[in-house]
Amino acid sequence: MTTDLDRADALEPAVAAGVIGAFGVSLGERLRGLPKEVLVFHPAAEHWCVNEVVGHLIEAERRGFAGRIREMLEADDPVFDTWDQPSVAAARHDCERVPEELIGEFAELRAESARLVAGLSDTDLERAGQHPDVGRLLVSDVMHESVHHDANHDRQILANVQTAVWPHMGNAQRFSQPS
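An account of the accompanying structure is given in this report. (Residues numbered from 1 in each chain as written. Predicted model: local features only at pLDDT ≥ 70, side-chain atom pairs only at ≥ 80, totals over all residues. Heavy atoms only, no water.)

### Brief notes about the layout of surface pockets
And then number 1: Of the voids in this model, the largest pocket is the one considered here, and its volume is about 300 Å³.
And then number 2: Lining the largest pocket we find 16 residues, and of these Arg68, Trp83, Gln85, His131 and Glu145 sit closest to its centre.
And then number 3: Looking at the lining of the largest pocket, the element that brings in the most residues is helix 3 (residues 50-74), giving five residues. (1 Å grid on protein atoms, 1.4 Å probe; cavity = no way out; pocket = protein on both sides within 12 Å on 5 of 7 lines; lining within 4 Å. Points joined across faces, edges and corners; volume = space filled by probe spheres on them. Helix = DSSP H or I, 4+ residues; strand = E, 2+ residues; numbered from the N terminus.)

### Details of the packing of helix 1 (residues 13-32) against helix 5 (residues 99-118)
Any two packed helices are characterised by how steeply their axes cross, that is the angle between the axes, and by the distance between the axes.
And then number 1: Viewed as axis vectors pointing N to C, helix 1 and helix 5 meet at an angle of 170°, and their least axial separation amounts to 8 Å. Here helix 1 is positioned roughly antiparallel relative to helix 5, judged by the angle of their axes. The residues of helix 5 that touch helix 1, namely those facing Pro13, Ala16, Ala17, Ile20, Gly21, Phe23, Gly24, Leu27, Gly28, Leu31 and Arg32, are Glu100, Ile103, Gly104, Phe106, Arg110, Ser113, Ala114, Val117 and Ala118.
And then number 2: Considering only residue class, the contact of helix 1 with helix 5 consists of 12 nonpolar, five polar and three charged. (Axes fitted to C-alpha atoms, helices over the stretch in contact; angles between N-to-C directions. Parallel < 35°, antiparallel > 145°, perpendicular 65-115°, else oblique. Contact = heavy atoms within 4.5 Å. Nonpolar A, V, L, I, M, F, W, Y, C, P; charged D, E, K, R; others polar.)

### A short note on the pattern of salt bridges
And then number 1: If you walk through the whole model with that rule in mind, you get 14 salt bridges.
And then number 2: Here Glu29 and Arg32 are joined by a salt bridge, their closest N and O atoms 3.9 Å apart. With Glu29 and Arg32 both in helix 1 and three residues apart, the pair spans about one turn of that helix.
And then number 3: Judged by its relative accessible area of 38%, Arg32 falls in the partly exposed class.
And then number 4: The salt bridge involving Arg62 is made with Glu105; its shortest N-O contact spans 2.7 Å. One end of the pair, Arg62, is in helix 3; the other, Glu105, is in helix 5, and 43 residues separate them in sequence.
And then number 5: You can call Arg62 partly exposed: its relative accessible area is 41%.
And then number 6: Several salt bridges converge on common partners, so that one network encompasses Glu59, Arg62, Arg63, Arg92, Asp94, Arg97 and Glu105. (Salt bridge = Lys/Arg side-chain N within 4 Å of Asp/Glu carboxyl O. Buried < 20%, exposed > 50% of the residue type's maximum accessible area, 1.4 Å probe, protein only.)

This is the structure in structure tokens:
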């Protein structure tokens, strides 16, 4: 069965750039309003704190999305490097960093990425590279995956914030529980 979602048009670069840029701005605005204790809170030992999620977004921007798009625009059919995301996250020590510095770093990278995506032509969208694990990727694929990736980590950040404030809600917790 075909759904409306199956028939949805691909995002045009200008639209994707708007979404990509808006995420950088809105995330920064939301996170700047939270105290450091919430941003470095770990909901479980194996889960990243919000600072670590932002650090991952920074690395993904450099090594993945904008980085890979630039590689595909600069070279014919490049082979991408893979990266061990948990090891990179551990080496960054983002939980110990000043949240405002991380937020600012991400915002700058994201604004650059939005400008990059806004300038993509139809020909650029068809340029490709090879990923050792997933195979051939087009610029268009990576552009769309950036939007998807943001939404995934936005949910993760929101869940961390919810978990951090939950114990302080008293009887208001009952508003959020099934009846």
